[in-house]
Amino acid sequence: MSKIVIGHRANKPEQRSVAIVDGNQRHREQLSDALLSFYTVHSYADSTNALMGLGVTRPGLVLIGEYVPPSSGINFLRAMRCERELGHTPVVFVSDNGDPDVLAGALAAGANDCIIKPYRRSAMVKTISAQLNTKVERSWKELPLVARNALQDTLTFYNSIADIYDQSLPIQYGAVAESCSALVDAVTTNQFSGILAGVREHDYITYAHSLTVATLLALFGHSIGLPRAQQILLASGGLLHDVGKISIRHSILNKVENLTEEEWEIIRSHVPAAVNFLRSSPEMPKGVVTIAAQHHERLDGSGYPRGLASGQLNELARMSAIVDIFSSMTDHRIYKPKMTAEAVLKTMTNDMAGQIDQDLLARFREVFLDTMRGKQMS
């Protein structure tokens, strides 16, 4: 629960945070666990503490249950809408059983959307994301059809991963390959810059990073003449390479302060988690697993999780390391300053010469800068 500081109000919402206001403790805990890898979560059990807490730490969105002591979720929503700074905060109302009168009352009180129990984690994430990313996803409609399809298809697939992961089901390669089909089409027709720009401000950081890696790996493969099926494999590996982060708290993934050693171990655990998840599928290509397993390995043996060195890393591992580093350093993150593509490429050339394949990096630099026509990722 947020610390309450009387007399102080938050100036602007924390876009990547969600508040849960619900008198049902079990549901609060279930929701917090379900959203831990996507958002920073603040939880409130009653209306008094919720209104005070929301005034101190304004979230990007509020989830409100039917029962909020001392009255109801709808009454709390009405009270929240009377607060000037909370009047336009997106609200998703969680209905216990879909009673039409309750749903109508919630919408009339100011809810932006409703979701009915029981629901899948992917449905909740999709509902929240639709509210937080309204402006971003609306901008996709202005893109060429192939780029728009690439963004929509990969987002739909990525949202479904949470349910697959939760249920310990094998992920189907055909599904991820299909979602990456339009992405490869956008790369081969040089329409991918809209994808990179369109996903940059998306609140689902792991998806945004993974789609960037997928796009750039497909570009890399296209530039060296790989056939379409191999480009799709590269894009699929990029989209899935960080899937192990789905069980890591957002507060650790995006911590501004230095990570503790324990937190670093948690971050590093996403690699074996991803590998185990991908290997559960008999049809998953070895190359996709390699990308997930080795994108943090370095030629000088300084990487993780296995400390592999140059002779143990094939071209696929070397390509994925380059693209992951480039994407991570050009991504928008709250814990690091922005860097342009040129500045990142210079750092990778001068400061990381012994860690990454410089011949492949030179090829990537040439292709990226040529196709982007001097545009910067900033």
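Residues numbered from 1 in each chain as written. Predicted model: local features only at pLDDT ≥ 70, side-chain atom pairs only at ≥ 80, totals over all residues. Heavy atoms only, no water.

**With respect to the environment of Ala106**
Mapping Ala106 onto the fold places it in helix 4 (residues 100-109). As a C-alpha pair, Ala106 and Ser223 span 117 residues in sequence and 53 Å in three-dimensional space. Those residues within four positions of Ala106 in sequence are excluded, and the remaining contacts are Ile74, Leu77, Phe93, Ala111 and Cys114. (Helix = DSSP H or I, 4+ residues; strand = E, 2+ residues; numbered from the N terminus. Contact = heavy atoms within 4.5 Å.)

**Considerations on empty space enclosed by the protein**
To find the voids left in a structure, one rolls a probe of water-molecule size over its atoms. Counting across every chain of the model gives four cavities of 30 Å³ or more. As a volume, the second largest cavity reaches approximately 50 Å³. In terms of lining residues, the second largest cavity is bounded by Gln294, Glu297, Arg298, Leu299, Leu313, Ala317, Arg318, Ala321, Gln355, Ile356 and Asp357. Element by element, the count of residues in the lining of the second largest cavity is highest for helix 17 (residues 315-330), at three residues. For the lining of the second largest cavity, the residue count by class is five nonpolar, two polar and four charged. (1 Å grid on protein atoms, 1.4 Å probe; cavity = no way out; pocket = protein on both sides within 12 Å on 5 of 7 lines; lining within 4 Å. Points joined across faces, edges and corners; volume = space filled by probe spheres on them. Nonpolar A, V, L, I, M, F, W, Y, C, P; charged D, E, K, R; others polar.)

**As for the side chain of Thr89**
Structurally, the position occupied by Thr89 is in the loop between helix 3 (73-81) and strand 4 (91-95). Ignoring anything within four residues of it in the chain, the contact list for Thr89 reads Pro59, Gly60, Leu61, Val62, Met80, Arg81 and Asn112.

**A look at the pattern of salt bridges**
Across all of its chains, the model carries nine salt bridges by this definition. Across the pair Arg363 and Glu366 runs a salt bridge whose closest N-O atoms are separated by 3.8 Å. Within this pair, Arg363 and its partner Glu366 are both found in helix 19 (residues 358-372), separated by three residues, close to a single helical turn. By relative accessible area, which is 28% here, Arg363 ends up partly exposed. Looking at Glu366, the relative accessible area reads 44%, which means it is partly exposed. Residues participating in the shared-partner salt-bridge network are Glu261, Glu265 and Arg268. (Salt bridge = Lys/Arg side-chain N within 4 Å of Asp/Glu carboxyl O. Buried < 20%, exposed > 50% of the residue type's maximum accessible area, 1.4 Å probe, protein only.)

**A closer look at unusual backbone geometry**
With omega at -10°, the peptide bond leading from Lys117 into Pro118 counts as cis. If you trace the backbone, Pro118 turns up in the loop between strand 5 (113-116) and helix 5 (121-132). Omega for the peptide link from Tyr304 to Pro305 comes to 10°, which places this bond in the cis form. Mapped onto the elements of the fold, Pro305 is located in the loop between helix 16 (286-294) and helix 17. Located in the positive-phi region is Ser168, a residue other than glycine, with phi close to 55°. Tracing the sequence through the fold places Ser168 in the loop between helix 7 (145-166) and helix 8 (173-179). The exposure class assigned to Ser168 is exposed, which follows from its relative accessible area of 65%. Of note, Asn190 is a non-glycine position whose phi angle comes to about 60°, a positive value. Tracing the sequence through the fold places Asn190 in the loop between helix 9 (181-188) and helix 10 (193-199).

**A look at the packing of aromatic side chains**
Following the criterion strictly, the structure yields ten aromatic pairs and no others. Both rings, one in Phe38 and one in Tyr204, keep their centres 4.9 Å apart while their planes meet at 65°; by these two values the pair is edge-to-face. With Phe38 in the loop between helix 1 (25-35) and strand 2 (40-44) and Tyr204 in the loop between helix 10 and helix 11 (205-223), this residue pair connects regions lying 166 residues apart in the sequence. Ring geometry for Tyr158 and Tyr207: centres 5.7 Å apart, planes at 55°, overall tilted. With Tyr158 in helix 7 and Tyr207 in helix 11, the pair connects residues that are 49 residues apart, well separated along the chain. (Phe/Tyr/Trp six-rings, centres within 6.5 Å; stacked < 30°, edge-to-face > 60°.)

**Re the confidence of the model for the chain**
A low pLDDT means the predicted coordinates there should not be read in detail. Within the chain, residue pLDDT values average 90, and 93% of them lie at 70 or more. Throughout residues 1-10 the model reports pLDDT below 50, and contacts reaching past four residues in sequence, or to other chains, amount to 25 contacts. The low-confidence segment residues 374-378, where pLDDT is below 50, has 20 contacts with residues more than four positions distant or belonging to other chains. (pLDDT = per-residue confidence, 0-100.)

**Let's talk about helix 15 (residues 270-279)**
When we look at burial in helix 15, the residues that qualify are His270, Val271, Ala274, Val275, Phe277 and Leu278. Along the axis of helix 15, the buried residues cluster in a sector spanning 165°; they form a single face. With respect to the buried face of helix 15, the exposed residues turned more than 90 degrees away are Asn276 and Arg279. (Arc of directions from axis to C-beta.)

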